[in-house]
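A structural walkthrough
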Amino acid sequence: MNNPVKILIVEDEMVIGANISLQLTALGYEVVGIVPRSEEALSCVKQECPDIILMDINLKGDIDGIETAKLIQNDHDVAIIYLTANADDANFNRAKSTHPYAFISKPFKKLDLQRAIELTIERLIQESTESTSENNPSSEDTKPVILSNCIFVRHHEKMVKVNIQDILYIEAERNYCRIYSKDKEYLLVMTLKDMDEKLPNNHFLRVHRSFIVNLSQIQEIATSHIIIGKKAIPVSKSLKEELLKRLQTI
């Protein structure tokens with residue numbers, strides 16, 4: 001139901017590229033390619049339209065990672081994160097001209113990669129929110145941004161992160177829907193139908209015309225309702241079979 005963040009890896013050491021790919025996939029991101037040279041990177045960006053590029057600065061061949069980033073930025077608005085084993089001042093100053101979102105020095109740990117990606121995503125979301133506000137200052141219906149493991153929702157004039165594992169259930173309120181998490185509530189200008197289409201279906205299920213539930217939060221199942229927290233949530237007869245089937249596969 002949702003689209004994971006798409007990441008392209010441009011790395012001429014294929015063992016390193018494959019290892020990065022495994023780590024990103026485990027974190028829930030979609031790796032759209034691992035390419036070793038500038039020409040292949042340009043082609044892949046055109047075909048796959050990644051959200052983020054992990055770019056090795058010291059690519060083999062006539063065109064290095066920094067020049068490749070410049071060529072990509074001529075036609076595509078994409079976030080660049082540089083990978084480098086040589087963080088000298090000359091390369092750093094050249095790289096700065098492409099306005100990268102982060103630098104990761106080799107060798108790096110999985111946590112370094114994870115944090116760089118998460119910070120880049122949050123910055124992209126913030127930039128998108130600011131752009132929406134500038135184009136339509138009176139708009140109050142900024143849609144939530146749904147990633148593989150979290151949702152960014154508008155709350156008190158800013159976008160805040162809600163971890164999917166913390167969401168209990170979502171309830172319809174006419175053309176709005178309200179997210180109930182473990183410690184807060186968030187009212188969104190979005191119908192429950194639209195929310196249902198965007199949420200990851202491995203975590204959530206619509207059990208009633210007015211409710212979507214986080215399957216991992218269900219505590220009790222009765223004949224006509226389920227219990228999450230202290231809330232009794234009705235279950236439609238037509239959806240009860242699907243609920244039981246899904247719970248058997250968790």
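The structure we're discussing is the one just above.
Since the structure is predicted, the reported quantities are computational estimates derived from the model, not experimental observations. (Residues numbered from 1 in each chain as written. Predicted model: local features only at pLDDT ≥ 70, side-chain atom pairs only at ≥ 80, totals over all residues. Heavy atoms only, no water.)

What follows concerns the overall build of the protein chain. Within the protein chain, the regular secondary structure consists of 7 helices and 16 strands. Counting over 250 residues, the protein chain shows a buried share of 46%. Residue pairs in contact within the protein chain that sit at least 24 positions apart in sequence constitute 52% of those at least 6 positions apart. Counting every atom, the protein chain has about 13,700 Å² of accessible surface; 47% of that belongs to carbon and sulfur. (Helix = DSSP H or I, 4+ residues; strand = E, 2+ residues; numbered from the N terminus. Buried < 20%, exposed > 50% of the residue type's maximum accessible area, 1.4 Å probe, protein only. Contact = heavy atoms within 4.5 Å. Areas by Shrake-Rupley, 256 points an atom, 1.4 Å probe, with all protein chains shown as cover.)

Turning to helix α3 (residues 65-75), a few remarks are in order. All of the buried residues in α3 are Gly65, Ile66, Thr68, Ala69 and Ile72. Across the axial projection of α3, the buried residues extend over an arc of 155°, all falling on one side. Opposite the packed face of α3, turned more than 90 degrees from it, sit the exposed residues Asn74 and Asp75. Those residues of α3 that are buried are in contact with α2 (38-48), β3 (52-56), β4 (79-84) and α4 (89-96). (Arc of directions from axis to C-beta.)

The next thing to look at is unusual backbone geometry. With an omega of -10°, the peptide bond between Lys106 and Pro107 qualifies as cis. One can find Pro107 in the loop between β5 (102-105) and α5 (110-135). Here the phi dihedral of Cys49 falls at roughly 50°; this positive angle occurs in a residue that is not glycine. Within the secondary structure layout, Cys49 lies in the loop between α2 and β3.

Okay, the sheet that holds strand β2 (residues 30-35) next. Strands belonging to one sheet form pairs held by backbone hydrogen bonds; the direction of such a pair is parallel or antiparallel. Strand order across the open sheet formed by 5 strands is β2-β1-β3-β4-β5, with parallel pairing between neighbours. This sheet does not close on itself; its edge strands, each paired only once, are β2 and β5. Shown here is a sheet whose adjacent strand axes are inclined to one another by a mean of 20°, direction ignored. Taken together, the 5 bridges between strand β1 (residues 6-10) and β2 define a ladder with parallel strand orientation. Looking across to β2, one finds that Val10 is bridged to Val35. Across the sheet, α3 is in contact with β3 and β4; its angle to β3 comes to roughly 150°. (Pairing = 2+ DSSP bridges. Axes fitted to C-alpha atoms, helices over the stretch in contact; angles between N-to-C directions.)

On to a nonpolar patch on the surface, then. On the surface, a cluster of nonpolar side chains totalling about 240 Å² of accessible area is made up of Tyr176, Leu187 and Val189. Secondary-structure assignment places Tyr176 in strand β10 (residues 176-181). Its relative accessible area of 38% is what places Tyr176 among the partly exposed residues. (Patch = residues over 30% accessible without salt bridge, like charges linked within 9 Å, V, L, I, M, F, W, Y side chains within 5 Å. Salt bridge = Lys/Arg side-chain N within 4 Å of Asp/Glu carboxyl O.)

Read these as spatial facts, not as claims about activity.
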